[in-house]
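Residue-level structure breakdown
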Amino acid sequence: MTLVPPYIESLIPYKPGKSAEQIREQYGLSKIIKLASNENPIGSSPKGIAAARDSYHDIQLYPDGGLMLRNKLAKLYEVKLDNVVVGNGSESILANIVRTFMDDDEEVLTVAGTFIGIYVAAWSRGVKLVTLPLKDFAFDLEAIADAINPKTKIIYLSNPNNPTGTYFNKKQFEKFMTRVPSRTLVILDEAYCEYAEDFDDYPDSMTYRLDNVITLRTFSKAYGLAAVRIGYGFAHEDLCRNVLKVKLPFEPSSIAQAAGAGALDDTEFLKLTQDTNRIGRLEMPKLYDELGLKYIPTAANFFMLPFDTEDEALKFSEELEKRGVIVRPLRGFMLPHCVRITIGTKEQNEMLTGALKEICLKSA
Ligand SMILES: Cc1ncc(COP(=O)(O)O)c(C=O)c1O
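Residues numbered from 1 in each chain as written. Predicted model: local features only at pLDDT ≥ 70, side-chain atom pairs only at ≥ 80, totals over all residues. Heavy atoms only, no water.

A few points about the overall build of the chain
This is how it is decided: Here a helix means four or more residues in a row that DSSP labels H or I, a strand means two or more in a row labelled E, and each is numbered from the N terminus. Atoms counted for the radius of gyration: C-alpha only. Globule rule: 2.2 Å times residue count to the power 0.38. Any residue under 20% of the maximum accessible area for its type is buried, any over 50% is exposed, and the rest in between are partly exposed; the area is computed with a 1.4 Å probe on protein chains only. When checking whether two residues touch, look at their non-hydrogen atoms; a contact exists if any pair is within 4.5 Å. The accessible surface values rely on the Shrake-Rupley method and a 1.4 Å probe; as for residues, cover is taken only from the protein chains in view. Only four residue types enter the tally: Lys and Arg on the positive side, Asp and Glu on the negative side; His and the chain ends are excluded. For charged residues, the charge sits on one atom: NZ in Lys, CZ in Arg, CG in Asp, CD in Glu.
Each helix and strand in the chain was counted, giving 14 helices and 12 strands. In terms of overall dimensions, the chain is globule-like: its C-alpha atoms have a radius of gyration of 20 Å, near the 21 Å expected for 364 residues. Considered along the principal axes of its C-alpha atoms, the chain spans approximately 60 × 50 × 50 Å. Going through the 364 residues of the chain one by one, you find that 54% of them count as buried. Here the analysis covers contacts within the chain between residues at least 6 apart in sequence; of these, 75% occur between residues at least 24 apart. A total accessible area of about 16900 Å² is found for the chain, and carbon and sulfur atoms account for 55% of it. Averaging the locations of the 43 positively and 49 negatively charged side chains of the chain gives two centres separated by 1 Å.

Considerations on the packing of helix α5 (residues 90-101) against helix α10 (residues 237-246)
Rule in force here: For helices, the fitted axis covers only the stretch in contact; all axes are lines through C-alpha atoms, and the angles between them, taken along N-to-C directions, range from 0 to 180 degrees. Geometric relationships in this document are graded by angle, where less than 35 degrees denotes roughly parallel, more than 145 denotes roughly antiparallel, 65 to 115 denotes roughly perpendicular, and other angles denote oblique.
Here α5 crosses α10 at 100°, and the two axes come no closer than 9 Å. Classified by the angle their axes make, α5 and α10 are roughly perpendicular. Here N96, I97, R99, T100 and F101 of α5 lie close against α10, whose contacting residues are L239, N242, V243 and V246.

Digging into the environment of K357
Residue placement: K357 occurs in helix α14 (residues 346-363). The class for K357 is partly exposed, based on a relative accessible area of 33%. Along the primary structure K357 and E290 are separated by 67 residues, whereas in three dimensions their C-alpha atoms are 9.5 Å apart. Among all residues touching K357, those that are not within four sequence positions of it are L287, E290, L291 and K362.

As for the environment of P285
With respect to the helices and strands, P285 occurs in helix α12 (residues 267-291). Each C-alpha atom, one on P285 and one on A196, is 17 Å from the other, the two residues being 89 residues apart in sequence. The contacts of P285, once residues within four sequence positions are left out, are G280, Y295 and F303.

Some thoughts on the side chain of T110
Along the chain, T110 turns up in strand β3 (residues 107-112). Since its relative accessible area comes to 0%, T110 is described here as buried. T110 has contacts with I118, Y119, L129, V130, T131, L132, F139 and Y156, leaving out every residue within four places of it along the chain.

Comments concerning the site of the ligand
Note the threshold: Proximity criterion: a residue is near a molecule or strand once any of its heavy atoms comes within 4 Å of it. Residues adjacent in sequence count toward polar contacts only when both atoms are side-chain atoms; beyond that, a polar contact is any pair of N or O atoms within 3.5 Å, and within protein one must be able to donate a hydrogen and the other to accept it. A 1.4 Å probe that fits but cannot get out identifies a cavity on a 1 Å grid over protein atoms alone, an open set with protein on both sides within 12 Å along at least five of seven lines counts as a pocket, and a residue lines either if it has an atom within 4 Å of a point. Here the criterion for a molecule occupying a pocket or cavity is that more than half of its atoms lie within 2 Å of the pocket grid points. Residues were grouped as follows: Ala, Val, Leu, Ile, Met, Phe, Trp, Tyr, Cys and Pro as nonpolar; Asp, Glu, Lys and Arg as charged; and all remaining residues, including Gly, as polar.
Residues in close proximity to the ligand total 14 residues, the closest being S90, N162, D189, T218 and S220. Within the contact set of the ligand, an oxygen atom lies 2.5 Å away from a side-chain nitrogen or oxygen of T218. Mapping the ligand onto the cavity grids shows that it belongs to the second largest pocket. Taken together, the residues of the shell around the ligand sort by class into four nonpolar, six polar and four charged.

Structural notes on the pattern of salt bridges
Cut-off, in case you're wondering: Whenever a carboxyl oxygen of Asp or Glu lies within 4 Å of a side-chain nitrogen of Lys or Arg, that contact is scored as a salt bridge.
In the structure shown here, the tally under the stated rule is 24 salt bridges. Between R125 and D104 there is a salt bridge whose closest N-O contact spans 2.9 Å. Separated by 21 residues along the polypeptide, R125 in helix α6 (residues 116-125) and D104 in the loop between α5 and β3 bring together distant segments of the chain. One continuous salt-bridge network, built from bridges that share partners, spans D198, K271, D275, R278 and R281.

Some words on the packing of α12 against α14
The N-to-C vectors of α12 and α14 enclose an angle of 10°; their axes lie 11 Å apart at closest approach. Put simply, α12 runs roughly parallel to α14. Contacts from G280, M284, L287, Y288, E290 and L291 of α12 reach α14 at N349, L352, T353, L356, K357, C360 and L361. Across the contact of α12 with α14, the residue classes tally to eight nonpolar, three polar and two charged.

Examining the domain arrangement of the chain
Note the following rule: All domain edges in this entry derive from an automatic or database-based domain assignment. By buried area we mean the combined loss of accessible area, with a 1.4 Å probe, across both parts when two parts are placed together.
The domain boundaries assigned to the chain delineate domain 1 (6-44 + 268-363) and domain 2 (46-266). The C-alpha centroid of domain 2 is placed 24 Å from the C-alpha centroid of domain 1. Listed by partner, the interface residues are 35 residues for domain 1 and 37 residues for domain 2. Among the residues domain 1 hides against domain 2, the three largest losses belong to A299, F333 and M334. Together they make up 21% of the total. Here domain 1 is connected to domain 2 by two salt bridges. For R278, the salt bridge goes to D198, with nearest N and O atoms at 2.6 Å.

As for the state of the cysteines
Cut-off, in case you're wondering: When two cysteine sulfur atoms are found within 2.5 Å, that pair is recorded as a disulfide.
Following the criterion strictly, the structure yields zero disulfides and no others. With no disulfide of its own, C193 lies 16 Å from the sulfur of C240, the closest cysteine sulfur. Accessibility expressed as a relative area gives 5% for C193, which makes it buried. A relative accessible area of 1% means that C240 is categorised as buried.

Quick look at the structure:
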């Protein structure tokens, strides 16, 4: 169609993980668990829910464009209001960053094997996306630094990385940043940072003050608020000021902001989330080893399992689905031979364990 530019025409629509309803209908199962989208298995922050409910009495009013939550985040993280952005999920901020800073002939540099959101943001902006291979399923920061050219405008890093679960450490990050020119912007996506706190050498970006880095974070994972669409970011005021110009004026909704603000106060829920995840993170590898399944050690709330072929990965996912466990094959993430499995609650992990044992011991 001539009205549509070729870079939009060729875009492949985002395919979310299968829903429990789809699987229930397909296989006629009564019990289904969704371990496909890295959602919070214990639910949502009760304080977040309560605050969202309270905000309902004002929904006849337009929201304030994010001011309330930005103020709260600024106070909490001891930065200026001008250093904070918020949006309809961190994915919306990511898309706005690409729209704000990319010129037509500039390039986005990242890896094949990271969050789909950056691919879609670059492709839908019609700019060149350069993807380097992963090294041992992790970001190869040296190779990325080597690949920077005069057109490299944005480098996207996810730490821990979705979907591999790997992370780069403080030393690697600091060395990398000495090689990034100031004309290149680094997006440091920390959607899973709350789970990585267990790792002492994890580089929490809030401990740095780098003028060409934007940190992105989300309430969708550790705070369990994926459905309300609320995310945030930190950066130098000049960067934030311009991203805020591009953002939809009334994004995010007052309900989403209230939920996020409430969740920030909910240290109890955050701790329960982290504790629950830690148990699964330490337990599941024992099972994978026992069953001879390859997995990548993780710093996040999911494991990635590599197979030899895409067919094997798809067959494995289908076998789990038949047993009521929804997982995520990773073609869209440019890793078609891999599958990602979210870490669940104790009960969910037990159901996964039962299904895995059936599948692996049957085929042995
Ligand atoms: C690395 C990464 N960044 C961003 C997001 C998007 O988060 P949000 O729900 O805040 O848009 C996700 C969600 O899966 C993610 O894995």
